[in-house]
Amino acid sequence: MTYIVTDACIRCKFTDCVEVCPVDCFYEGENMLVIHPDECIDCGVCEPECPVEAIKPDTEDEADGKWLALNSKYATEWPNITVRKDAPADAAEFETVTGKLDKYFSAKPGSGD
């Protein structure tokens, strides 16, 4: 099992999770984070740190494995992030928005550490 980041993170991008990760398996995109599934040690300490509940065990992924695939792909393309950053100024406006993948996802990398 590994943990995955879902679309609840998009446009919120809270980074509280990266500070508690003992193996630094988070990667930063322009408007969301992902977890590298081959680096995650399944400890689960990141999950309760996410205020929008975007982090889930991969056993709660959609039937087609969409989130595991997205996390796997972008964890190899985006820079590693290990230090907490401020959330985007408009994050609160997107905390309860659903269906953010199709509307707001950006494949562009973030700045990393």
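Shown above is the structure to which this text applies.
Quick caveat, the model's predicted, so the values are computed rather than measured.

(A) Local environment of the environment of E19. Positionally, E19 belongs in helix α1 (residues 16-20). Between the C-alpha atom of E19 and that of C46, which follows or precedes it by 27 residues, the distance is 8.5 Å. Sequence-distant contacts of E19, that is, excluding residues within four places in its chain, are made with T82, V83 and R84.

(B) How the structure looks around the pattern of salt bridges. Scanning all chains against the criterion turns up seven salt bridges. The salt bridge partner of E28 is K13, with a shortest N-O separation of 2.7 Å. One end of the pair, E28, is in strand β2 (residues 26-28); the other, K13, is in the loop between β1 (3-5) and α1, with 15 residues separating them in the sequence. One exposure class covers both E28 and K13, and it is buried. Here D86 makes a salt bridge to R84, at a shortest N to O gap of 3.8 Å. A cluster of three or more residues bridged by salt bridges with shared partners is formed by K13, E28 and K85.

(C) Structural detail: unusual backbone geometry. Look at K13: it is not a glycine, yet its phi comes out positive at around 45 degrees. In this structure K13 comes out as buried when scored by relative accessible area, which is 12%. The residue D42 is not glycine, and still its phi comes out positive at about 65 degrees. By the element assignment, D42 lies in the loop between β3 (33-35) and β4 (55-57). You can call D42 partly exposed: its relative accessible area is 30%.

(D) Structural view of the packing of aromatic side chains. One pass over the structure, following the stated rule, counts four aromatic pairs. Seen from their ring centres, F94 and Y104 are 5.2 Å apart, and the 80 degrees between their planes marks the pair as edge-to-face. Highlighted residues: F94 in helix α3 (residues 91-94) and Y104 in helix α4 (residues 100-104), separated in sequence by ten residues. Assessed through its relative accessible area of 28%, Y104 is described here as partly exposed. A network of ring pairs unites the aromatic residues Y74, W78 and F105 as a single cluster. Lying over the aromatic face of Y74, K73 brings its terminal NZ or CZ to 5.1 Å of the ring centre.

(E) Spotlight on the nonpolar core. One finds V5, F26, M32, V34, I35 and I55 to be the most contacted residues of the largest nonpolar core, which totals 33 residues. When residues of this core are traced back to their parent elements, those giving at least two are β1, α1, β2, β3, α2 (66-75) and α3. Broken down by element, the residue count for this core peaks at four residues, all from α2. Those residues in contact with F26, other than ones at most four positions away along the chain, are V5, C17, V18, C21, L33, V34, I35, C46, I55, P79, N80 and I81.

Procedures and definitions
- Residues numbered from 1 in each chain as written.
- Predicted model: local features only at pLDDT ≥ 70, side-chain atom pairs only at ≥ 80, totals over all residues.
- Heavy atoms only, no water.
- Helix = DSSP H or I, 4+ residues; strand = E, 2+ residues; numbered from the N terminus.
- Contact = heavy atoms within 4.5 Å.
- Salt bridge = Lys/Arg side-chain N within 4 Å of Asp/Glu carboxyl O.
- Buried < 20%, exposed > 50% of the residue type's maximum accessible area, 1.4 Å probe, protein only.
- Phe/Tyr/Trp six-rings, centres within 6.5 Å; stacked < 30°, edge-to-face > 60°.
- Lys NZ or Arg CZ within 6 Å of the ring centre and 35° of its normal.
- Core = buried A, V, L, I, M, F, W, Y, C linked by side-chain atoms within 4.5 Å.

Remember that the coordinates give geometry; whether it matters functionally is a separate question.
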